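Architecture and fold: a report
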Amino acid sequence: EAGVTQFPSHSVIEKGQTVTLRCDPISGHDNLYWYRRVMGKEIKFLLHFVKESKQDESGMPNNRFLAERTGGTYSTLKVQPAELEDSGVYFCASSPRDRLPVGYTFGSGTRLTVV
Amino acid sequence: GQNIDQPTEMTATEGAIVQINCTYQTSGFNGLFWYQQHAGEAPTFLSYNVLDGLEEKGRFSSFLSRSKGYSYLLLKELQMKDSASYLCAVRSERGYQKVTFGIGTKLQVIP
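These numbers were taken from a predicted model, which means no experiment stands behind them.

On to the state of the cysteines, then. Going through the model one piece at a time under the given rule, you end up with 2 disulfides over all chains. Residue Cys-23 of chain A pairs covalently with Cys-92 of chain A via a disulfide, S to S 1.9 Å. Handedness of the Cys-23 of chain A-Cys-92 of chain A disulfide follows from its S-S torsion of about -65°: it is left-handed. Of this pair, Cys-23 of chain A sits in strand 3 (residues 19-24) while Cys-92 of chain A is found in strand 9 (residues 88-95), placing the two residues 69 residues apart along the sequence. Each member of the pair Cys-23 of chain A and Cys-92 of chain A is classed as buried. Sulfur-sulfur distance for the disulfide between Cys-22 of chain B and Cys-88 of chain B comes to 2.0 Å. The disulfide joining Cys-22 of chain B to Cys-88 of chain B has a torsion of about -70° about its S-S bond and is therefore left-handed. Placement of the pair is Cys-22 of chain B in strand 3 (residues 18-25) and Cys-88 of chain B in strand 9 (residues 84-91), with a sequence separation of 66 residues. You can call Cys-22 of chain B buried: its relative accessible area is 0%.

Take the pattern of salt bridges next. Within this structure, the stated rule accounts for 8 salt bridges over all chains. Between Asp-86 of chain A and Arg-64 of chain A there is a salt bridge, and its shortest N-O distance comes to 2.6 Å. You can see Asp-86 of chain A sitting in the loop between strand 8 (75-79) and strand 9 and its partner Arg-64 of chain A sitting in the loop between strand 6 (53-56) and strand 7 (65-68), a full 22 residues away along the chain. We note that Asp-86 of chain A, like Arg-64 of chain A, is buried. Here Glu-56 of chain B makes a salt bridge to Lys-76 of chain B, at a shortest N to O gap of 3.7 Å. With Glu-56 of chain B in strand 6 (residues 53-57) and Lys-76 of chain B in the loop between strand 8 (70-75) and strand 9, the pair connects residues that are 20 residues apart, well separated along the chain.

Taken as a whole, this structure holds 19 aromatic pairs over all chains when the rule is applied. Here Phe-91 of chain A and Phe-106 of chain A contribute two aromatic rings whose centre-to-centre distance is 6.0 Å and whose plane-to-plane angle is 85°, an arrangement assigned as edge-to-face. Residue Phe-91 of chain A is found in strand 9, and its partner Phe-106 of chain A is found in strand 10 (residues 105-106); the two are separated by 15 residues along the sequence. Taken together, the ring pairs connect Tyr-33, Tyr-35, Phe-45, Phe-91, Tyr-104 and Phe-106 of chain A together with Phe-33, Tyr-35, Phe-45, Tyr-48 and Phe-101 of chain B into an aromatic cluster. Seen from the ring of Tyr-74 of chain A, Arg-22 of chain A lies directly overhead, with NZ or CZ sitting 3.7 Å from the centre.

What follows deals with the interface of chain B and chain A. Between chain B and chain A, the contact holds 19 residues from the first and 22 residues from the second. Here chain B packs against chain A, burying approximately 1,600 Å² in sum over the two surfaces, 59% of which is carbon and sulfur. Interface area lost by chain B to chain A is led by Gln-97, Lys-98 and Phe-101 of chain B, which between them contribute 36%. Our enumeration of links across chain B and chain A arrives at 3 residue pairs in polar contact (both at pLDDT 80 or more). Within the residue set of the side of chain B that touches chain A, elements represented by two or more residues are strand 4 (32-37), strand 5 (44-49), strand 9 and strand 10 (99-101) of chain B. Take the side of chain B that touches chain A: its biggest share by element is 3 residues, from strand 4 of chain B. Among the residues forming the side of chain B that touches chain A, the class breakdown is 11 nonpolar, 5 polar and 3 charged.

Position of Gly-71 of chain A relative to the elements: it lies in the loop between strand 7 and strand 8. A relative accessible area of 63% places Gly-71 of chain A in the exposed class.

On to the sheet that holds strand 3 of chain A, then. All names here are of chain A. Spatially, the 4 strands line up as an open sheet ordered 1-3-8-7, and their pairing is antiparallel. Only two strands of the sheet have a single neighbouring strand rather than two, namely strand 1 (5-7) and strand 7. Strand-to-strand twist in this sheet, taken as the mean axis angle between neighbours without regard to direction, amounts to 15°. Taken together, the 5 bridges between strand 3 and strand 8 define a ladder with antiparallel strand orientation. Its bridge partner lying in strand 8, Arg-22 is registered against Thr-76.

Cut-offs used in this document
- Residues numbered from 1 in each chain as written.
- Chains lettered and ligands numbered in written order.
- Predicted model: local features only at pLDDT ≥ 70, side-chain atom pairs only at ≥ 80, totals over all residues.
- Heavy atoms only, no water.
- Disulfide = S-S within 2.5 Å.
- Helix = DSSP H or I, 4+ residues; strand = E, 2+ residues; numbered from the N terminus.
- Buried < 20%, exposed > 50% of the residue type's maximum accessible area, 1.4 Å probe, protein only.
- Salt bridge = Lys/Arg side-chain N within 4 Å of Asp/Glu carboxyl O.
- Phe/Tyr/Trp six-rings, centres within 6.5 Å; stacked < 30°, edge-to-face > 60°.
- Lys NZ or Arg CZ within 6 Å of the ring centre and 35° of its normal.
- Contact = heavy atoms within 4.5 Å.
- Buried area = accessible area lost by both parts, 1.4 Å probe.
- Polar contact = N/O pair within 3.5 Å; in protein donor to acceptor, adjacent residues only side chain to side chain.
- Nonpolar A, V, L, I, M, F, W, Y, C, P; charged D, E, K, R; others polar.
- Pairing = 2+ DSSP bridges.
- Axes fitted to C-alpha atoms, helices over the stretch in contact; angles between N-to-C directions.

Here it is as structure tokens:
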């Protein structure tokens, strides 16, 4: 089966610009997560979708971040306007709904650099 | 709050055994994961413990003591390809699906 796909793999943008990250989970996985790793820090939870619904968005840093998962398939994470501290690697992961407990399947991440 | 501690770096010799420790203090506990992450790649699932004791899977084993808030990952017969970061992650009862990650232990295997 195809894995979790993230696009783009790298993005360099200027402060104040907008960037949209995309994640395609494994087909049939209801659970989709966004995590972020800032350099030198641990991977931190951003939010969790179950199908198209936001189950938990307690990790979203502020209202400059907007995540969507229309139709319960792929998800986008938009940062607008981007700030320097938003730089990091953004990981998406998915897991099936009923086969618990299982680990996530992660994508390779999007490395975002805000200059 | 949630706190997960693990050593940041370790070095071990090819063919040897290495133990990577993880201690945690979390608001609840509903399972502990270990992930392996090679540089520039996605973290990949290694193991899951929810009950006390040792889970063995080939060259890798993971141990959990809930009363001590402690886990370790044991890697036997180390190979050069085992050089990677090893991430400890805990799922707390609150936020059923969400896991909290440690910073990861970067393991270097030397000849």
